[in-house]
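# A closer look at the structure
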Amino acid sequence: MAAHTEFEYFATHVAFGHEYLTDEDISDYMAGDGTIGVDSALIVINGQPVNNLSDARDLIGASKSLDVSFHFLQAKTSVSYSRDLVLGFMDAVEGFIDGRQSVISHPFWAKLREIFTEIYAASAKFRSGAPELRVYFAFQGTPPFNDSLYQDTIRTFETGIDNRAMFRSVHTNVLGASQLLRLYNATVNKVEATVSFPRQTPLPRIPGIEQAYIGAIAGAELIKMLATDAGSLRKSAFFDNVRDFQQWNPVNEEMYSTLDSDKKALFAVLNNGVTVVAKEVRIAGDDFTIEDYQIVNGCQTSNVLFFARELDLSSVYIPLRLIVTNDADTTAKITQATNSQTPITKEDLIASTDFQKELETFYKSMASARSKQRLYYERRSGQFAEESVEQTRVVTKLIQMKAFAAMFLNVPHISSRFPGELYELSPEKIFRSGHKLESYFASALCWYRLDVWLRTGRIDSSLKPSRFVMMNVFRRVALPDLQPGDLSTKSATTYANKLVEILSDDVVSLQYFEKAAAIVRTASAGDPSRDRVKREKLLQDCIGLIVNANRK
């Protein structure tokens, strides 16, 4: 990879990728050489990154309300600030917004413009007003923040965007070496936030807990814990929460309506509040500096509050339980207890505790047996961030769910969609107590091996949207005479171990992946688009081709 390309990837990662693209292939959001005025771009709809029209339509259609942000970045390896380059970048962003043909005729811009048009066609659903615009210009020098010409450049651009009346806010970020380093450190260091929390009472000493406080925190102060330095939602703070944001269901709609009404002061007594577990808290007067924290209960409240951050929240308070402990078992018990009053199943809670620990241990045992295929299961958010680990080998919880569902639950079309549908499956079918761990590792290894072949060009990258279908087809062509059977039995272990053996052989596994790719290409009539792979019919057509081939 060329030096300028590496810098573009790095700048994208620290600016917005580490928050939104952890479970995504960041290359899908890179513009590539030859694109005018931008190196990467991201559109976020209701907290979900989208980079194609099909996904955007699905998400918009399924949502009663929309909260949207646009992110554009250009990165230059120059150590000198160039006003001309910044102006060129700003002109390209304006050209995109205005639909200027000289800009949007390029395939990358054209794809984004389709999504842009679809979003604004649904403007009646805008939850917090018009979308938010964030632009980032990164280089390796020092920005002239105090220079009047620099300030005029930023002011003129932002005024021009405001005058178009298409965005509720615009944020221009010029990132030099020190700003990039600060953002990078934020991706690897422990999360920290300082909030004012005067309305609190310390609880008596409790075994396993170093400190504990209960009280009410101002909405604006809680938002400080929810937002990154770049202003986006700090999704990593919810890793230990047993449920993701459930979008705009009736309960969340009602919460927002309360915040947007003259009864917002009642929010503190109408809401169950938020529970935060932290590794350390430093107190100076009313200021609490909270380090390495997780919001283990109150994900829905937190998300709704963040979406409402531009409303007048001066009279809004949220019940807050702040618990300081370094004991993992105590944290798990707190997570279980604080969620037991909400409609969350026992399986949800098992998935966040015992099963996850067992799966992490199993990955470690497989690493010692097959060092060449070593994978790292990220049970806790960011646990490998400070280690010299090849990040492509890190398997997040969401990647594990997608891979397992695609290969062993035979629903690659669901794996290709947004996470919400997978979470609906998880209580009964994913991370289920009794499932053989070998199946989870085998599916993750298949995901990793296919990812390598796609990134290196050994498998045509145009097939990337169909990767989860290919994974399912792979196991069928690699082991045509076997089936995994009940995933809680020894037969599942035997089946998974055979897959791992095949996947551990570069030559053999590539041959089977090539066969799977050919089958998917034929079944999709040469068009494995995202819209097609999200339909169950594609897998059924692939299975039909396999059956017919075996009969000959």
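Look above for the structure.
For clarity, every value in this text was computed on a predicted model and none was experimentally measured.

## Overview of a nonpolar patch on the surface
- Residues F10, L181 and Y184 make up a contiguous nonpolar surface patch of roughly 260 Å² in combined accessible area.
- Mapping F10 onto the fold places it in helix 1 (residues 3–20).
- Overall, the relative accessible area of 31% leaves F10 in the partly exposed class.

## Focus on the packing of aromatic side chains
- Per the counting criterion, the structure on display carries 30 aromatic pairs.
- Measuring from centroid to centroid gives 5.8 Å for F145 and Y150, while their planes differ by 80 degrees, and the two rings are edge-to-face.
- Judged by its relative accessible area of 8%, Y150 is buried.
- A centroid spacing of 5.8 Å and a plane angle of 15 degrees characterise the contact between F431 and Y440, whose relative ring orientation is stacked. Accessibility assignment for this pair places F431 and Y440 in one class, buried.
- These aromatic residues form a ring-pair network of at least three members: F70, F72, F96, W109, F116, Y120, F126 and F167.
- If you follow R309 out to its NZ or CZ, it ends over the ring of F306, 3.9 Å from the centre.

## Observations concerning unusual backbone geometry
- Despite not being glycine, N46 has its phi angle at roughly 50 degrees, a positive value.
- Tracing the backbone shows N46 in the loop between strand 1 (40–45) and strand 2 (48–50).
- Despite not being glycine, D292 shows a phi value in the positive range, around 50 degrees.
- Mapped onto the fold, D292 is located in strand 10 (residues 287–297).
- Residue D292 is classed as partly exposed on the basis of its relative accessible area, which comes to 25%.

## Thoughts on the sheet that holds strand 2
- Ordered by their spatial adjacency, five strands build an open sheet running 2-1-3-4-5, and the pairing between neighbours is mixed. Strands at the two margins of the open sheet, each flanked by one partner only, are strand 2 and strand 5 (169–175). The sheet shows a mean angle of 20 degrees between the axes of neighbouring strands, taken without regard to direction.
- Relative to strand 3 (residues 68–75), strand 1 runs antiparallel, the two being bridged by six bridges. Of the residues in strand 3, the one forming a bridge with I45 is V68.
- Against the sheet, helix 1 touches strand 1, strand 2, strand 3, strand 4 (132–138) and strand 5, its axis set at about 160 degrees to strand 3.
- Across the sheet, helix 6 (residues 148–164) is in contact with strand 4 and strand 5; its angle to strand 5 comes to roughly 150 degrees.

## What to know about empty space enclosed by the protein
- Taken as a whole and judged by the stated rule, the model has two cavities of 30 Å³ or more.
- For the largest cavity, the calculated volume is near 120 Å³.
- Along its surface, the largest cavity is lined by 17 residues, and Y20, V44, D67, S69 and F306 are the ones closest to its centre.
- Of all the elements in the fold, those that place two or more residues in the lining of the largest cavity are strand 3, strand 4 and helix 11 (299–307).
- Grouping the constituent residues of the lining of the largest cavity by class yields six nonpolar, six polar and five charged.

## Overview of the pairing of strand 6 (residues 192–196)
- Of the two faces of strand 6, the one lined by A193 and V195 is fully buried and the one lined by E192, T194 and S196 carries no buried residue.
- Looking at chain direction, strand 6 and strand 10 are connected through five bridges and run antiparallel. Its bridge partner being in strand 10, T194 is matched across the sheet by T289.

## Notes on the sheet that holds strand 8 (residues 211–218)
- What the six strands build is an open sheet, ordered 6-10-9-11-8-7; its pairing is mixed. If you trace the sheet from one side to the other, it starts and ends with strand 6 and strand 7 (200–202), each paired once. Averaged over all adjacent pairs, the angle separating strand axes in this sheet is 35 degrees, with direction ignored.
- Strand direction decides the pairing type here: strand 8 and strand 11 (residues 317–324), joined by eight bridges, are antiparallel. Across the sheet, the residue bridging to Q211 is V324, located in strand 11.

Rules behind the numbers
- Residues numbered from 1 in each chain as written.
- Predicted model: local features only at pLDDT ≥ 70, side-chain atom pairs only at ≥ 80, totals over all residues.
- Heavy atoms only, no water.
- Patch = residues over 30% accessible without salt bridge, like charges linked within 9 Å, V, L, I, M, F, W, Y side chains within 5 Å.
- Areas by Shrake-Rupley, 256 points an atom, 1.4 Å probe, with all protein chains shown as cover.
- Salt bridge = Lys/Arg side-chain N within 4 Å of Asp/Glu carboxyl O.
- Helix = DSSP H or I, 4+ residues; strand = E, 2+ residues; numbered from the N terminus.
- Buried < 20%, exposed > 50% of the residue type's maximum accessible area, 1.4 Å probe, protein only.
- Phe/Tyr/Trp six-rings, centres within 6.5 Å; stacked < 30°, edge-to-face > 60°.
- Lys NZ or Arg CZ within 6 Å of the ring centre and 35° of its normal.
- Pairing = 2+ DSSP bridges.
- Axes fitted to C-alpha atoms, helices over the stretch in contact; angles between N-to-C directions.
- Contact = heavy atoms within 4.5 Å.
- 1 Å grid on protein atoms, 1.4 Å probe; cavity = no way out; pocket = protein on both sides within 12 Å on 5 of 7 lines; lining within 4 Å.
- Points joined across faces, edges and corners; volume = space filled by probe spheres on them.
- Nonpolar A, V, L, I, M, F, W, Y, C, P; charged D, E, K, R; others polar.

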